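An overview of the molecular structure
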Amino acid sequence: MLQTYQKTISQPVEFEGIGLHTGVKSKVRILPVNANEGIIFKRTDLKKNNLIRANYLNVSSANLCTILKNSFGAKVSTVEHLLAALYIAGVDNALIEINSQEVPILDGSAKDFLDVINKTKLNSQSKKRKYLKVKKKIELVDGDKKISIEPNEETLEVEFELNYNNKIIGKQKNTINFSNKNLADVINSRTFCLFSDIEKIKKAGLAKGGSLDNALVVDDEKVLNNSGLRNSKEFVNHKILDLAGDFLLSGYRILGKVRCYQGGHKLTNMFLKKIFKEKSLLTFFEIEEISFPNKIKTIDQVKLAVNA
Ligand SMILES: [Zn+2]
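Structure report, in brief. Keep in mind the model is a prediction, meaning the values are calculated, not measured.

1. Some points on the overall build of the chain
Scanning the chain from terminus to terminus reveals 8 helices and 19 strands. Principal-axis analysis of the C-alpha atoms places the extent of the chain at approximately 75 × 50 × 35 Å. The contacts in the chain between residues at least 6 apart in sequence include a share of 73% that link residues at least 24 apart. Carbon and sulfur atoms make up 49% of the accessible area of the chain, which totals about 15600 Å². Charge separation in the chain, taken as the distance between the mean sites of 48 positive and 35 negative side-chain charges, equals 4 Å.

2. Here's the deal with the side chain of Q172
Summarising the element assignment, Q172 is placed in strand β15 (residues 171-177). Within the local environment of Q172, its side chain forms a polar contact with the backbone nitrogen of V236, the two atoms lying 2.9 Å apart. Filtering out sequence-adjacent residues up to four positions away, Q172 remains in contact with F160, E161, L162, S232, K233, E234, F235 and V236.

3. Concerning the sheet that holds strand β3 (residues 25-31)
One open sheet accounts for 5 strands, arranged β2-β3-β9-β4-β5; its pairing is mixed. In the strand order of this sheet, the two ends are held by β2 (13-18) and β5 (51-53), each with one partner. Between one strand and the next, the sheet's axes are offset by a mean angle of 20°, whatever the strand orientation. Pairing between β3 and strand β9 (residues 94-98): 4 bridges, direction antiparallel. Bridge pairing links L31 to L95 in β9. Contacts from helix α1 (residues 80-89) reach β3, β4 (39-43) and β9 within the one sheet, and its direction differs from that of β4 by about 145°.

4. Concerning the coordination of the zinc ion
Reference geometry at the metal: tetrahedral coordination by four donors gives ideal angles of 109.5 degrees; octahedral coordination by six donors gives 90 or 180 degrees. Within the first shell, the zinc ion binds the protein through H81 (NE2), H238 (NE2), D242 (OD) and D242 (OD), at distances of 2.1 to 2.7 Å. Positions of the donor residues of the zinc ion, expressed as sequence spacing, correspond to H-x156-H-x3-D. In this pair, H81 is assigned in helix α1 and H238 in helix α5 (residues 234-248), connecting sequence segments 157 residues apart. The burial state of H81 is the same as that of H238; both residues are buried.

5. Description of unusual backbone geometry
The phi angle at N49 is positive, at roughly 50°, despite the residue not being glycine. Along the chain, N49 turns up in the loop between β4 and β5. Take N49: its relative accessible area is 34%, and that puts it in the partly exposed class. Despite not being glycine, L64 has its phi angle at roughly 65°, a positive value. Tracing the backbone shows L64 in the loop between β6 (59-61) and β7 (67-69). According to the relative accessible area criterion, L64 is partly exposed, its value standing at 49%.

6. Description of the packing of α1 against α5
The axes of two packed helices give the description: the angle between them and the distance between them. The N-to-C vectors of α1 and α5 enclose an angle of 80°; their axes lie 7 Å apart at closest approach. One element, α1, and the other, α5, form an angle in the roughly perpendicular class. Across the interface between the two elements, E80, H81, L83, A84, L86, Y87 and I88 of α1 pack against H238, L241, D242, A244, G245, D246 and L248 of α5. Split into classes, the residues belonging to the contact of α1 with α5 amount to 8 nonpolar, 3 polar and 3 charged.

7. Overview of the nonpolar core
Ranked by internal contacts, the top residues of the largest apolar core, which has 73 residues, are I30, I39, F41, L68, L83, L86 and F178. Element by element, the count of residues in this core is highest for α5, at 8 residues. Residues within four places of L68 in sequence aside, it is in contact with F41, I52, R53, A54, N55, N58, V59, A74, K75, V76, V79 and L249.

8. Observations concerning the pairing of strand β14 (residues 156-163)
Counting buried positions along β14 gives 6 out of 8 residues, so the element sits mostly inside the fold. In this sheet, strand β18 (residues 253-261) lies alongside β14 in parallel orientation, the contact comprising 6 bridges. Within β18, the residue paired with L156 across the bridge is G256. Sheet analysis places β14 next to β15, joined by 7 bridges and oriented antiparallel. Opposite V158, over in β15, you have I176 as the bridge partner.

9. Some words on the sheet that holds strand β8 (residues 75-77)
With antiparallel pairing, 3 strands are arranged side by side in an open sheet as β6-β7-β8. Looking at which strands have only one partner, the edges of the open sheet turn out to be β6 and β8. With strand direction ignored, the average angle separating the axes of adjacent strands in the sheet is 35°.

Calculation notes
- Residues numbered from 1 in each chain as written.
- Predicted model: local features only at pLDDT ≥ 70, side-chain atom pairs only at ≥ 80, totals over all residues.
- Heavy atoms only, no water.
- Helix = DSSP H or I, 4+ residues; strand = E, 2+ residues; numbered from the N terminus.
- Contact = heavy atoms within 4.5 Å.
- Areas by Shrake-Rupley, 256 points an atom, 1.4 Å probe, with all protein chains shown as cover.
- Lys, Arg positive; Asp, Glu negative; His and termini not counted.
- Charge placed at Lys NZ, Arg CZ, Asp CG, Glu CD.
- Polar contact = N/O pair within 3.5 Å; in protein donor to acceptor, adjacent residues only side chain to side chain.
- Pairing = 2+ DSSP bridges.
- Axes fitted to C-alpha atoms, helices over the stretch in contact; angles between N-to-C directions.
- Donors = N, O, S within 2.8 Å, 3.2 Å for Na, K, Ca; no water.
- Buried < 20%, exposed > 50% of the residue type's maximum accessible area, 1.4 Å probe, protein only.
- Parallel < 35°, antiparallel > 145°, perpendicular 65-115°, else oblique.
- Nonpolar A, V, L, I, M, F, W, Y, C, P; charged D, E, K, R; others polar.
- Core = buried A, V, L, I, M, F, W, Y, C linked by side-chain atoms within 4.5 Å.

Remember, this is a structural readout, not a statement about activity or role.
Written as structure tokens, this is what we have:
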């Protein structure tokens, strides 16, 4: 069932760790904020102009990770797994203080973020949650990559297909309905890369904090992490997790059936921009509270139902 009111956390929670790309250790505190504020990052290492709103229009780069930038040039990067955790936990509004540019990668999945968020209760707020659904299919094709959304009144469902020229990853396809209670496979799935790409990524000055403790690494024959995969579709499940985090940047809870082939952060961001340009195909809504008498059928309605 869809949630009627917006939520924030009841108590501040905090954690620390190193950034996947910068290798820099940072501290993060998640604090409650008022309804309709959305998710806001605050760079506490910067004296001023340090608020960065988690919005798809503030995405400055989406290669390998999602980077947000405000109009003063302040950035925060690798936000997607924390955003996915907030999405799955049901948090609409939060201030996220961070004392460096990059959100810690923790174990490479959303599991540790959810463990932190779950240390506190969520509070319902006075404003209604903002939903968005589509009236007709919207699709974006970018080379061999493709993403679409079709109407679905009840939930966000994501069907994702990966096709890697690698024996271990290969073709993987999965469908996740985010209204399901058990999302453990999505939450636990780690970011991944090919061993052959590591040199290239490091030359680009990235993945300085990357290790087998926070990423799955595969070569031509095997997964290099000693403990292997956490679930049989870990690669595609992680892509679904990324998509959920990036979708929270819309500022709405998007309902629909999403199909994505070979996508990633960049395609998802291009797609959000396209969706918001198609205003005539969108419905923005809140859940109306059903008052008690409306739930009861009148005697005449019961009679008609019996006679039907
Ligand atoms: Zn990811």
